[in-house]
Amino acid sequence: MQTFFPQLAGKPKAAYAATVALAVVLAILPLVVGLAGNAWVRMLDFALLYVMLALGLNIVVGYAGLLDLGYVAFYAVGAYMYALLSSPHLAENFEWIAQMFPDGLHTPLWAVLPLGAGLAATFGALLGAPTLRLRGDYLAIVTLGFGEIIRIFLNNLNAPLNITNGPQGISNIDPVRVAGVDLSKTLQIGGFELQSVQLYYYLFLVLAVAVIVVSIRLQNSRIGRAWLAIREDEIAAKAMGINTRNVKLLAYAMGASFGGVSGAMFASFQGFVSPESFILMESIVIVSMVVLGGMGHVPGVILGAVILYAIPEVLRYAAKPMQEAIFGAEVVAPEALRMLLFGLAMVVIMLYRPSGLWPAPKHGINPAGTQTATTASATPPA
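Structural notes, computed from the coordinates. (Residues numbered from 1 in each chain as written. Predicted model: local features only at pLDDT ≥ 70, side-chain atom pairs only at ≥ 80, totals over all residues. Heavy atoms only, no water.)

### Quick word on the pattern of salt bridges
Going through the model one piece at a time under the given rule, you end up with five salt bridges. Close ionic contact of R151 with E148 constitutes a salt bridge, the shortest N to O distance being 2.9 Å. You can see R151 and its partner E148 sitting in helix α7 (residues 136-156), three residues apart, about one turn around the helix. Exposure remark for R151: the relative accessible area of 23% places this residue in the partly exposed category. With its nearest N and O atoms 3.6 Å apart, the salt bridge here joins D182 to R177. A relative accessible area of 47% means that R177 is categorised as partly exposed. Overlapping salt bridges bring together R135, E234 and K248 as one network. (Salt bridge = Lys/Arg side-chain N within 4 Å of Asp/Glu carboxyl O. Helix = DSSP H or I, 4+ residues; strand = E, 2+ residues; numbered from the N terminus. Buried < 20%, exposed > 50% of the residue type's maximum accessible area, 1.4 Å probe, protein only.)

In structure tokens:
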């Protein structure tokens, strides 16, 4: 909690009370929002998925300073890995698999998550290897191309061997089961019911909290400081003895692993995946979440992910009623207005908050904006 609110540093009781209060709010949030309908709880589920994606990309963009416009590729890799391992698709298209698993593959969650993270990390290292000498626009173009290559492969790997089922996608994907509980069904606890979207919310919340903890620990670790050194000045970091090649590859792999886990959860939640879910626009939105929230600052990235996902989704439901209330009729199509206001919000934020909505505090500056004691004492007198 002190990472989110530095004012609580040195106040363990206040920090503990704030943590408990936040935990209670997050626990009851889907129950309260569910009173307005499951569609709103579903929005919370996707917001948590985007938080995990944004935090993964923050390692690459925010910590290491490497622009990545193909991050959605790792999201796709995790989603398709779960779809292939937890659906009858492979057993229906490959006889030798059908002989071994007549009922199809039904891989449990405890095996899927490490596999998703590991496979996405491998692809992240493969992406990072040829881009080690690239910077700026050239790096952006190469990563953009990598993301498109993955999407096109998924779209065309249905012949001569039907691996991904091409543009038709993969359906009948198994839902997540935790301790024998099927999250796709309503759970009865005494006289109380938890809907499927609420059960998935709690699963995604646990994973998001784990990703947040790992991100904070990485930021304060030796590797995290090496990433920050590379971001500030790669030549100086190399001169100080940092193995920039290995550290960059590790940034790509670690960031990609979070994307792989998010993709696996997306596939289980939707029950269907297709290449249309992993277009370039998704990568751009995730990059926008990191940049507009505050690069390299975990609380800022979380805020950016929630806001930039919530704005278009809320407008999807509110645009038409608002126009009818103001003009008496629908003037602009909700989808067009949604994207227009989304773009306008991004422009306004970048004009008035160029460092992001919640930027990381500068070194030597406390939250109040004054010099710390260490910095002040180090300043020679005039």
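Moving on from the model shown.
### Description of the environment of H106
Looking at where H106 falls in the secondary structure, it is placed in the loop between α5 (95-100) and α6 (109-128). Overall, H106 belongs to the partly exposed group, its relative accessible area being 47%. The spacing of H106 and D174 is 68 residues in sequence and 7.0 Å in space, taken between C-alpha atoms. The residues touching H106, leaving out its near neighbours within four places in the chain, are L85, S86 and D174. Polar side-chain contacts of H106 include one of 2.4 Å to the side chain of D174. (Contact = heavy atoms within 4.5 Å. Polar contact = N/O pair within 3.5 Å; in protein donor to acceptor, adjacent residues only side chain to side chain.)

Function-wise, these values are silent; they only describe arrangement.
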